[in-house]
Structures are given as structure tokens and as C-alpha cells.
Amino acid sequence: IARRFRKKKLAEPGLASTVAVGYGRGEIETILPHREPFLLVDSIEAVDLKAGFIVGRRTIDRDDPVFRGHFPGHPVYPGVMHIEMIGQMGVCLHHFLNTQEVSLGSRSEAANIRLVRILHVLFQYEVLPGDTVTIICKHLEGDDFTGKGIGQIVKQDRICTVAIAEFYSL
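Within each chain, residue numbers correspond to sequence positions counted from 1 in written order. In keeping with the model being predicted, local features are shown solely for residues with a pLDDT of at least 70 and side-chain atom pairs are shown and tallied solely at 80 or more, while totals for entire chains, interfaces and linings include all residues. To obtain the side-chain values, all non-hydrogen atoms of the structure were used and water was disregarded.

Peer 1: Before we move on, could you go through the pairing of strand E2 (residues 43-48) and cite the residues and values that matter?
Peer 2: Whether a residue is buried, partly exposed or exposed follows from its accessible area with a 1.4 Å probe, protein chains only, as a fraction of its type maximum: under 20%, in between, or over 50%, in that order. Where helices and strands are cited, they refer to DSSP runs of H or I of at least four residues and of E of at least two residues respectively, numbered from the N terminus. Judged by how many residues are buried, E2 sits mostly within the fold: five of six residues are covered. When DSSP finds two or more bridges between a pair of strands, those strands are recorded as paired. Relative to E2, strand E1 (residues 19-23) runs antiparallel, the two sharing three bridges. Counterpart to Ala20 in the pairing with E2 is Ala46. In this sheet, strand E3 (residues 53-59) lies alongside E2 in antiparallel orientation, the contact comprising five bridges. Pairing of Val47 across the sheet is with Ile54, part of E3. Connecting E2 to the antiparallel partner E3 that follows it, the hairpin turn spans four residues, and Gly52 within it adopts a positive phi of roughly 70°.

Peer 1: Can you break down the nonpolar core residue by residue, with the values?
Peer 2: Counting residues in each nonpolar core, the largest one holds 34 residues, and the members touching the most others are Ile44, Ile54, Tyr77, Met85, Ile135 and Ile153. Looking at this core, the elements that each hand over two or more residues are E1, E2, helix H3 (79-99), strand E5 (132-142) and strand E7 (158-169). Looking at this core, the element that brings in the most residues is H3, giving nine residues. Residue contacts are defined here by distance: any two heavy atoms, one from each residue, within 4.5 Å place the two residues in contact. If we ignore the near neighbours within four places in the chain, the residues touching Ile135 are Leu40, Val41, Ile54, Val55, Gly56, Arg57, Arg58, Met85, Ile86, Met89, Gln152 and Ile153. Only buried residues count toward a nonpolar core. Its members are Ala, Val, Leu, Ile, Met, Phe, Trp, Tyr and Cys residues joined through side-chain atoms within 4.5 Å.

Peer 1: So, the sheet that holds E1: which residues are in play, and what are the values?
Peer 2: Strands pair in a sheet through their backbones, by hydrogen bonds, and they do so in one of two ways: parallel or antiparallel. If you walk across this open sheet you meet the seven strands as E1-E2-E3-E5-E6-E7-E4, and the pairing is antiparallel. Both edges of this open sheet fall to E1 and strand E4 (113-123), since each of them pairs with a single strand only. For this sheet, the mean angle separating the axes of adjacent strands, direction not counted, is 20°. In this description, a line fitted to the C-alpha atoms serves as the axis of each element, helices being fitted only across the stretch in contact, and the angle between N-to-C directions of two axes falls anywhere from 0 to 180 degrees.

Peer 1: Pulling in residues and values, what's your account of the pattern of salt bridges?
Peer 2: Every case where a carboxyl oxygen of Asp or Glu lies within 4 Å of a side-chain nitrogen of Lys or Arg is listed as a salt bridge. Per the counting criterion, the structure on display carries nine salt bridges. Two residues, Asp42 and Arg25, come together in a salt bridge whose shortest N-O distance is 2.5 Å. With Asp42 in the loop between helix H1 (25-28) and E2 and Arg25 in helix H1, this residue pair connects regions lying 17 residues apart in the sequence. Measuring nitrogen to oxygen at the nearest pair gives 3.9 Å for the salt bridge that ties Glu29 to Arg35. We classify Glu29 as partly exposed; its relative accessible area is 28%. Taking relative accessible area as the criterion, Arg35 reaches 39% and is therefore assigned partly exposed. Through salt bridges with shared partners, one network takes in Arg25, Glu36, Asp42 and Arg58.

Written out as C-alpha cells, the structure reads:
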């Protein structure tokens, strides 16, 4: 399945069932347990419960300390951080699918989910300091406790990363 999405986006908002949401970090913190400096999702732009996908964004801080040691002279955002961005967006998707609500009510709480394993990952293009990337995640299968999803990091319509992972909801 990952090969199919090396060049094709997982989802394009614009379906009749897609809801534009525009959630910022404050709202994201109500469903993600992560905080600075490890909150790697800046915004959630769209959610589609019927098609099972979510779209968000992240701008890579030029001053992120990771760049001091990750290829000095040619800083590149580490692949493991790509996987974490996809994972965090996937947790947000899991929240919306479990509640079957696109709105964030006062009863939203941080998800308690753990990554079980990464089934596949492909790094195709580098992400650099200052880049803004789109994070797309799609639900593949699962139930209330376990699941499998696929995610992409997209920069200027180029798919930089594709990853498939399994998770467990505590």
C-alpha cells in the first residue's frame, strides 16, 4: 500500500464529507498529550470522518536545536521527527474517529495511545529549516483499542515521507 502513495496524496480535502476546521495548538493540546518542545503539529486544517483522514500543518523552526547536530552545514530535519509528526496527527485522527465528532467540546481529553510498530517508512525528499509541511493521515483499519494508519509529509506537492504504523489505545 505504501508504494501506491509514494507519488499520490492520501487525501485531498474538498470531498462533500470533508470539514474544514482550522484548529491551532491550543485546541490540539486538548487531544494530544504532547507539549513544547515536542508538540510537532501546528494546526489541523481538515477532518473527514467518512473517508477517515485528517490534514494538518507544521512549520519547521529554523532555530530548532536539532539542526546544530543533524548534518551541520547542511541541516536536514531528521526522519524520526517525520514519523513523530505523522504519529501525532494520527492520534488526532483517532480522537475524531472515536468520538465521531469534528468539533472539540469541553469534554475533549488528551489521548492515551502508544505506537506499537512501524510497518513501513519511505523517505523521499528532505525537509529543511523554515519549510512548511502538510501532514496527511488516513485510517486503514482498527477498532476502539488498536489500529493501523498511513501518513505522509508533503512539501510543495512533493511527498517527502510515507509511513505505515500500528498503535494501541490504552
